[in-house]
Amino acid sequence: MLKIATLLLVYALLLLKAPDLRAQDPHFSGKDDMNIWYNPALKTNKIPVTHVSMRSVKYPNIISYSSKAATIELPIVSRETTDYDNVFFMNLAAGISTDNSSDHFMNSSTAMLALSYAMPLNNDNTYLALGLQGNYSFNRVGNTYGYNLPDEFDKYGALGSSMTIDPFGSGFNFGYFTAGAGVSVFHSGNRKQWYIGGSIL
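In this text the structure is predicted, and so the values were computed from the model without any measurement. (Residues numbered from 1 in each chain as written. Predicted model: local features only at pLDDT ≥ 70, side-chain atom pairs only at ≥ 80, totals over all residues. Heavy atoms only, no water.)

1. Section: the overall build of the protein
- What the protein contains, in helices and strands, is two helices and seven strands.
- Helices and strands appear in the protein in the N-to-C order α-β-β-β-β-β-α-β-β.
- A buried classification covers 33% of the 201 residues belonging to the protein.
- Looking at the protein alone, contacts between residues at least 24 apart form 61% of all its contacts between residues at least 6 apart.
- For the protein, the accessible area works out to roughly 13500 Å², and carbon and sulfur atoms hold 62% of it. (Helix = DSSP H or I, 4+ residues; strand = E, 2+ residues; numbered from the N terminus. Buried < 20%, exposed > 50% of the residue type's maximum accessible area, 1.4 Å probe, protein only. Contact = heavy atoms within 4.5 Å. Areas by Shrake-Rupley, 256 points an atom, 1.4 Å probe, with all protein chains shown as cover.)

Dropping the structure here:
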């Protein structure tokens, strides 16, 4: 009982802290369309879809950047299936995203491949889904010719700090693999749709 009370207390404290959190994910505005990037198990229907997102932000006399992302989701259902309700299905998703700042000061690209498997929990379109995701990212921050920052950019900001911490790596391309997994429970009925899930990426 004490263990459950402790978990509930921790959960309540996290919920209270949530409004104070800040993030700088350039793709956050499209999170509902691009939810596969955040949790590979969040394909909640059997419809093939393509999402494309483009965003450009300019801070006058400081820096500007553009973000682009595209995702394709291809659900796979058995050929013998005639009724698409309450059936097992898989989803294969692939995507690419790029973020580029002015003067090529920061370039970041990620390619993503995800696979998920959903199984019905009842005869009312409620599913449990498990997903795996692999990403390859290639990033460059800074310039090879020194500490030059975009016009009037604060040299003590995040990008300036990253160059100071790793002056030899500044301006070079770095590529790396990451992997993640996700789980979700969702309902995709005609009158009601909902989902809950979590992921480690």
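We are not done yet, so read on.
2. A short note on the packing of aromatic side chains
- By the definition in use, this model includes five aromatic pairs.
- Measuring from centroid to centroid gives 4.8 Å for Tyr136 and Phe177, while their planes differ by 50°, and the two rings are tilted. In this pair, Tyr136 sits in strand E5 (residues 126-141) while Phe177 sits in strand E6 (residues 174-188), placing the two residues 41 residues apart along the sequence.
- The class of Phe177 is exposed, set by a relative accessible area of 69%.
- Three or more aromatic residues joined by ring pairs make a cluster, and in this case those are Phe89, Tyr127 and Phe186. (Phe/Tyr/Trp six-rings, centres within 6.5 Å; stacked < 30°, edge-to-face > 60°.)

3. Considerations on the nonpolar core
- Membership of the largest hydrophobic core is limited to seven residues, which are Met34, Ile36, Trp37, Ala69, Ala93, Met112 and Ala114.
- Listed in part, the six residues of the second largest apolar core include Phe89, Tyr127, Ala129 and Phe186. (Core = buried A, V, L, I, M, F, W, Y, C linked by side-chain atoms within 4.5 Å.)

4. Brief notes about the pairing of E6
- As judged from the eight bridges shared by E6 and strand E7 (residues 193-200), these two strands associate in the antiparallel manner. Looking at the pairing, Phe186 lines up with Tyr195 of E7.
- Where E6 hands over to E7, the hairpin turn is made up of four residues, counted between the paired strands. (Pairing = 2+ DSSP bridges.)

5. So, the pattern of salt bridges
- The full count for this structure, using the stated rule, is one salt bridge.
- Among the ionic pairs, Lys43 bridges to Glu73, the shortest N-O distance being 3.0 Å. Taken as a pair, Lys43 in the loop between helix H1 (2-17) and strand E1 (49-59) and Glu73 in strand E2 (residues 63-76) lie far apart in primary sequence, 30 residues in all. The same class applies to Lys43 and to Glu73, which are both buried. (Salt bridge = Lys/Arg side-chain N within 4 Å of Asp/Glu carboxyl O.)

6. A few points about the environment of Asn45
- By the element assignment, Asn45 lies in the loop between H1 and E1.
- Expressed as a C-alpha distance, the spacing of Asn45 and Ser188, which sit 143 residues apart in the sequence, is 6.8 Å.
- Only 2.9 Å separates the side chain of Asn45 from the side chain of Lys43, close enough to count as a polar contact.
- Polar side-chain contacts of Asn45 include one of 3.2 Å to the backbone nitrogen of Ile47. (Polar contact = N/O pair within 3.5 Å; in protein donor to acceptor, adjacent residues only side chain to side chain.)

7. Quick notes on a nonpolar patch on the surface
- A contiguous nonpolar patch, built from Ile72, Leu74, Ile76, Phe88, Met90, Leu92, Leu113, Leu115 and Tyr117 and spanning about 770 Å² of accessible area, is present on the exposed surface.
- By secondary structure assignment, the location of Ile72 is in strand E2.
- Judged by its relative accessible area of 36%, Ile72 falls in the partly exposed class. (Patch = residues over 30% accessible without salt bridge, like charges linked within 9 Å, V, L, I, M, F, W, Y side chains within 5 Å.)

Interpretation note: all reported values are geometric properties and have no functional meaning in isolation.
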